[in-house]
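Observations on the three-dimensional arrangement
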Amino acid sequence: MIRLNLLIMACLAGFLVLTPLGVHAQGLTEQRFARLARGINISHWFAQVYDKKGYTPEHFWSYVNDADFDLIQSLGFTHVRLSVEPKPLLDWDNPGELNADYLVDLDKAIDALLARNLAVIVDIHPHPDFNKKLANDPAHADAFVHFWSNLAEHLSQRDPEMVFLEVLNEPIMAGDKWLPLQERAVKAIRAAAPQHTIIANPPLWSGLNDLLKMTPLEDDNIVYNFHFYDPGLFTHQGANWGWVTWAHSAGTPYPITPESIADVLPRIEHEQTRKELEHAARQRWDAARIDAEIGRAAQWAAKHGVRLTCNEFGVYRQHADLDQRAQWLSDVVRACEKYNIGWAMWDYQGGFALVQRVDGMPVADRQTVEALGLKPAQGNTTNIQPGGS
Ligand code: BGC
């Protein structure tokens, strides 16, 4: 009886709300935010699917399986960022209806992660053509808001302590287009899912400098996100997407200092890349610089009284020196943890991989696991060879 009275008093005081799911702390408590402490992006599963099988159950349930979920749990991750391509889910002419078949598999994926006590960020992560439509056509922007309203209603049945809703990965469009659209989407999500924490993104590629220009929205149940891949010449060396200089920057070391680039600089033929590398060396990209950069994000968050997560950071493996890659990962994680910023590494088994498959079974790369400050369990780690992923 005393317990019941306390519960009623807490509800009246606004600390707790009774929901069909039980009793929950309201809004973004420490406990809820702690779910974002350590995460991994399961890429190429429900978004950016390059597998010939496409967005089908055959792909979904062969690309990952229970062994992957068990591994992620055993390594000590607290959450998974689940990238979702909206195209198969959304009919632009009828955004009020979500593709029920796709939802079945998406729900199954969320169930599998929640069953391992892993929180889930449902991240709308489209092909860039989708973002172009949103930026250039008001009818598509309206449909997107309508789409989120439906998806949020569907996801509102989930435990708000465990499921987070991310409006749009790297919007690509500039702030004048993106920020008003995000605000509309947030309002639609909030109306449909009153208790769920929303992850909001800065414009363009959601970098740190774009975050610093943002003014938080009038909703105190939002975590602000940024992506950290600086310096790109190191993290994306040899990448055939993104900035042109990345394709020419294979061999870029970390830390980047005038001394460390002395050998590599003469080997780089592309003039712009050479200039950028020299510039990065003058800036001295090392642990102290990463700490200072991430510290700027933390200052912004403190000024506005909001929480942050960094839900993409990582190093493309193909050309990077793996010891230097591990050092960079460790420096980013240490800075995030120092400033109480959540993190999620990019990615699970793509080009920036945490795991490789051995006889079909996932095995984590020991060096990456240690760089992230996680504890490998016996038998679940190995050393991934250079270039392998
Ligand atoms: C993109 C991926 C890319 C990664 C690192 C993500 O946001 O969607 O395609 O591999 O960033 O560049």
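Quick notes on the rules
- Residues numbered from 1 in each chain as written.
- Predicted model: local features only at pLDDT ≥ 70, side-chain atom pairs only at ≥ 80, totals over all residues.
- Heavy atoms only, no water.
- Helix = DSSP H or I, 4+ residues; strand = E, 2+ residues; numbered from the N terminus.
- Rg over C-alpha atoms; globule rule 2.2 N^0.38 Å.
- Buried < 20%, exposed > 50% of the residue type's maximum accessible area, 1.4 Å probe, protein only.
- Contact = heavy atoms within 4.5 Å.
- Areas by Shrake-Rupley, 256 points an atom, 1.4 Å probe, with all protein chains shown as cover.
- Lys, Arg positive; Asp, Glu negative; His and termini not counted.
- Charge placed at Lys NZ, Arg CZ, Asp CG, Glu CD.
- Near = heavy atom within 4 Å.
- Polar contact = N/O pair within 3.5 Å; in protein donor to acceptor, adjacent residues only side chain to side chain.
- Nonpolar A, V, L, I, M, F, W, Y, C, P; charged D, E, K, R; others polar.
- pLDDT = per-residue confidence, 0-100.
- Pairing = 2+ DSSP bridges.
- Axes fitted to C-alpha atoms, helices over the stretch in contact; angles between N-to-C directions.
- Phe/Tyr/Trp six-rings, centres within 6.5 Å; stacked < 30°, edge-to-face > 60°.
- Lys NZ or Arg CZ within 6 Å of the ring centre and 35° of its normal.

Check the secondary structure of the protein chain and you find 14 helices and 13 strands. On C-alpha atoms alone, the protein chain measures out to a radius of gyration of 21 Å, which is about the 21 Å that the 2.2 N^0.38 rule sets for 389 residues. With respect to the principal axes defined by its C-alpha atoms, the protein chain has extents near 75 × 50 × 45 Å. Per-residue burial for the protein chain yields a buried fraction of 54% across its 389 residues. Taking as baseline every contact in the protein chain between residues at least 6 positions apart, the subset at least 24 positions apart corresponds to 73%. Looking at the protein chain as shown, the accessible area adds up to about 17,000 Å², and 53% of this sits on carbon and sulfur atoms. Of the charged side chains in the protein chain, 34 are positive and 48 negative; the average position of the first set lies 4 Å away from that of the second.

Attention now moves to the site of the ligand. The ligand sits among Q48, H125, N169, E170, Y229, H236, W241, E312, W346 and F352. Taking H125, its side chain carries an N or O atom lying 2.7 Å from an oxygen atom of the ligand. Measuring from an oxygen atom of the ligand, one finds a side-chain N or O atom of W241 at 3.2 Å. Taken together, the residues of the shell around the ligand break down into 4 nonpolar, 4 polar and 2 charged.

The next point concerns the confidence of the model for the protein chain. On average, the protein chain scores 93 in pLDDT, and the residues at 70 or more come to 92%. Here residues 11–25 scores under 50 on pLDDT; set against residues more than four positions off or in separate chains, the count is 33 contacts.

With respect to burial, strand β4 (residues 79–84) is a largely interior element, 6 of its 6 residues being buried. Of the two faces of β4, the one holding H79, R81 and S83 and the one holding V80, L82 and V84 are both buried throughout. One ladder, built from 5 bridges, connects strand β3 (residues 38–46) with β4; its direction is parallel. Across the sheet, F46 pairs through a bridge with V84, a residue of β4. Relative to strand β5 (residues 119–124), β4 runs parallel, the two being bridged by 6 bridges.

As a further point, take the side chain of T245. Inspection of the secondary structure assignment puts T245 in the loop between α10 (232–235) and α11 (271–283). The exposure class of T245 is buried, given its relative accessible area of 2%. Contacts of T245, omitting those with residues within four sequence positions, involve L233, H270, Q272, T273 and E276.

If you walk around this closed barrel you meet the 8 strands as β3-β4-β5-β6-β7-β8-β9-β10, and the pairing is parallel. With direction set aside, neighbouring strand axes in the sheet form an average angle of 30°. Pairing between β3 and strand β10 (residues 342–345): 3 bridges, direction parallel. Looking at β10, one finds that I40 is bridged to M345. Seen against the sheet, helix α5 (residues 100–115) touches β3, β4, β5 and β6 (163–166) and runs at an angle of roughly 155° to β3.

This part takes up the sheet that holds strand β13 (residues 381–382). Strands belonging to one sheet form pairs held by backbone hydrogen bonds; the direction of such a pair is parallel or antiparallel. Pairing is mixed across the open sheet formed by 3 strands, whose spatial order is β11-β12-β13. For this open sheet the edge positions go to β11 (355–358) and β13, each flanked by a neighbour on one side alone. Contacting β11 and β12 (361–365), helix α4 (residues 66–74) crosses the sheet at an angle of about 25° to β12.

The subject of this paragraph is the packing of aromatic side chains. Counted under the stated rule, the structure contains 23 aromatic pairs. For the pair F234 and Y254, a centre-to-centre distance of 5.5 Å together with 35° between the ring planes defines the contact as tilted. Of the two residues, F234 is situated in helix α10 and Y254 in the loop between α10 and α11; the sequence distance between them amounts to 20 residues. In this pair, the class of F234 matches that of Y254, namely buried. Every member of this aromatic cluster is reached through a ring pair, and the members are W45, F46, Y55, F60, W61, F69 and Y102. Positioned above the aromatic ring of W285, the side-chain terminus of R289 is 4.8 Å from the ring centre. The ring of F33 has R307 sitting right over it, with the charged end atom 4.7 Å from the ring centre.

It is worth spelling out the environment of D111 at this point. Structurally, D111 can be placed in helix α5. Placed 47 residues apart in sequence, D111 and R158 show a C-alpha to C-alpha distance of 9.7 Å.

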